[in-house]
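# Observations on the three-dimensional arrangement
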Amino acid sequence: MQNRTLNIEKIQLYLREFCQARDWDQFHTPKNLSMALVGEAAELLELFQWLTPEESQSIMKKEKTASAVKHELADILYHLARLADVLDVDLESSFWEKQKLNAEKYPVEQAKGSAKKYTEF
Ligand SMILES: [Mg+2]
């Protein structure tokens, strides 16, 4: 695994220029971007849809399926980064804010080894 830090701001700046050059801002409304984000997530889901749990765990062992998974993850990141940019949301701050809430909702002593939703504790 490569040791790189994901730089959301760098990605957002790149996408701003990429989209401006193609005059795509007119299509990148929050509604369209949120729909595209879910669409890309569905494309990722499609790669796993009919696999057994074991097959899903080895999907990265075949070059063709590994490439497809990587590309769908990149598409999801594209739309997530772009949506956050258009909405002026600081994605990193939002992420850490939500993780703090998740840690409160899922205390280790109650959540460890459990797949229950926090409302079931
Ligand atoms: Mg895609």
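Now for a quick tour of the structure. (Residues numbered from 1 in each chain as written. Predicted model: local features only at pLDDT ≥ 70, side-chain atom pairs only at ≥ 80, totals over all residues. Heavy atoms only, no water.)

Geometry reference: four tetrahedral donors at a metal, ideal angle 109.5 degrees. Six octahedral donors, ideal angles 90 or 180 degrees. Within the protein, the magnesium ion binds to E40 (OE), E43 (OE), E72 (OE) and D75 (OD); these donor distances fall in the range 2.1 to 2.2 Å. Written as a sequence motif, the donor residues of the magnesium ion are E-x2-E-x28-E-x2-D. Taken together, the positions of E40 in helix α2 (residues 30-48) and E72 in helix α4 (residues 63-86) put the pair 32 residues apart, joining distant regions of the chain. Side by side, E40 and E72 carry an identical accessibility label, which is buried. (Donors = N, O, S within 2.8 Å, 3.2 Å for Na, K, Ca; no water. Helix = DSSP H or I, 4+ residues; strand = E, 2+ residues; numbered from the N terminus. Buried < 20%, exposed > 50% of the residue type's maximum accessible area, 1.4 Å probe, protein only.)

Bringing the pattern of salt bridges into the picture now. Counted under the stated rule, the structure contains 3 salt bridges. Where R82 meets D25, a salt bridge forms, and the shortest distance between an N and an O atom there is 2.5 Å. Within this pair, whereas R82 is found in helix α4, its partner D25 is found in the loop between α1 (8-21) and α2, the two being separated by 57 residues in sequence. Measuring nitrogen to oxygen at the nearest pair gives 3.9 Å for the salt bridge that ties R82 to D85. With R82 and D85 both in helix α4 and 3 residues apart, the pair spans about one turn of that helix. Judged by relative accessible area, R82 falls into the buried class, the value being 4%. (Salt bridge = Lys/Arg side-chain N within 4 Å of Asp/Glu carboxyl O.)

It is worth spelling out the packing of α1 against α4 at this point. It is at 9 Å that the axes of α1 and α4 come closest, and there the two elements cross at 85°. The angle between α1 and α4 falls in the class roughly perpendicular. On α4, the residues that touch I8, I11, Q12, L15, R16, F18 and C19 of α1 are L77, Y78, A81, R82, A84 and D85. Within the contact of α1 with α4, the residues separate by chemical class into 9 nonpolar, 1 polar and 3 charged. (Axes fitted to C-alpha atoms, helices over the stretch in contact; angles between N-to-C directions. Parallel < 35°, antiparallel > 145°, perpendicular 65-115°, else oblique. Contact = heavy atoms within 4.5 Å. Nonpolar A, V, L, I, M, F, W, Y, C, P; charged D, E, K, R; others polar.)

So, about the packing of aromatic side chains. Scanning the model with the defined rule gives 5 aromatic pairs in all. Aromatic pair Y106 and Y118: ring centres 5.8 Å apart, planes at 80°, arrangement edge-to-face. Of the two residues, Y106 sits in the loop between α5 (91-105) and α6 (108-111) while Y118 sits in the segment after α6, which places them 12 residues apart along the sequence. The cationic tip of R22 hangs over the ring face of F18; the distance from NZ or CZ to the ring centre is 3.7 Å. (Phe/Tyr/Trp six-rings, centres within 6.5 Å; stacked < 30°, edge-to-face > 60°. Lys NZ or Arg CZ within 6 Å of the ring centre and 35° of its normal.)

On to α4, then. Compared with the 34 Å implied by 1.5 Å per residue over 24 residues, the 34 Å span of α4 between its first and last C-alpha is a close match. The complete set of buried residues in α4 reads A66, V69, E72, I76, Y78, H79, A81, R82, L83, A84 and D85. For α4, the secondary structure elements touched by its buried residues are α1, α2 and α5. Note on α4: the residue one or two positions beyond its end, D88, has a positive phi of about 55°. (Expected span 1.5 Å × (residues − 1).)

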